[in-house]
Each structure stands twice: as C-alpha cells, then as structure tokens.
Amino acid sequence: MSLKDYEDQEKIRLAEGKKSRDHYKSVNLPGDRVTADNDIVAARKRLAAMAKEREKPNHGE
C-alpha cells in the first residue's frame, strides 16, 4: 500500500470514529448521561428518597 492509501484509510477511520462517538452521546443507555456539573442538591434528595424506600419492610413483615 502506498502512503496515499494509508492517509485515505486514516481519514475514513477518523470520520467513522467521530460518527460513532456522536451516536453514543445521543443514545440514552441505562442511566442518564449528564455533564460534569451535576446538581449535588438534587443528587442528595434522590439518595435520601432511596434510603427511605430501603427502610420499608420487605414482604409486609
């Protein structure tokens, strides 16, 4: 293969990688993907709600 062939393959590889990353960002996989600036107050409220739910007895005991 010539250098031109390698350069063309590299361009295709980079374009496919960008398309794949963009697709991954758009798909909502289990759990929400959010940015690094999460709301800590909301997170603490969710954790408190989960703790209350966990305190409930199982099987109506």
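Structure: see above.
Scope of this entry: the structure provided in the associated data block. Throughout this description, residue numbers start from 1 for each chain and increase along the sequence as written. Predicted model: local features are reported for residues with pLDDT of at least 70 only, side-chain atom pairs are reported and counted for 80 or more only, and whole-chain, interface and lining totals are derived from all residues. Excluded from the side-chain calculation are hydrogens and water; included are all heavy atoms of the structure.

**What to know about the overall build of the protein**
Broken down by element type, the protein carries 2 helices and 0 strands. Carbon and sulfur atoms make up 57% of the accessible area of the protein, which totals about 6,200 Å². Runs of H or I in DSSP of at least four residues are treated as helices and runs of E of at least two as strands, each being numbered from the N terminus. In this description, accessible areas are obtained by the Shrake-Rupley approach with a 1.4 Å probe, and a residue is regarded as covered only by the protein chains that are shown.

**Considerations on the environment of lysine 56**
Note that lysine 56 resides in the segment after helix H2 (40–55). Looking at lysine 56, its side chain comes within polar contact range of the side chain of glutamate 53, at 3.2 Å. Polar contact is the term for a pair of N or O atoms within 3.5 Å; when the atoms are in protein, one must be able to donate a hydrogen and the other to accept it, and sequence-neighboring residues count only if both atoms are side-chain atoms.

**Concerning the pattern of salt bridges**
If the charged atoms of two oppositely charged side chains come close together, the side chains can form a pair. In what follows, salt bridge is the name for a side-chain nitrogen of Lys or Arg lying within 4 Å of a carboxyl oxygen of Asp or Glu. This model, assessed by the stated rule, comprises 5 salt bridges. The shortest N-O distance in the salt bridge between glutamate 10 and arginine 13 comes to 2.6 Å. In this pair, glutamate 10 and arginine 13 are both assigned in helix H1 (residues 3–26), 3 residues apart and thus about one turn of the helix distant. A salt bridge links glutamate 53 to lysine 56, with the shortest nitrogen-to-oxygen separation between them at 3.2 Å.

**Details of a nonpolar patch on the surface**
On the surface, a cluster of nonpolar side chains totalling about 380 Å² of accessible area is made up of Met1, Leu3 and Tyr6. Mapped onto the fold, methionine 1 is located in the segment before H1. Like-charged residues within 9 Å of one another, or nonpolar side chains (Val, Leu, Ile, Met, Phe, Trp, Tyr) within 5 Å, are grouped into patches, provided each residue has over 30% relative accessible area and no salt bridge.

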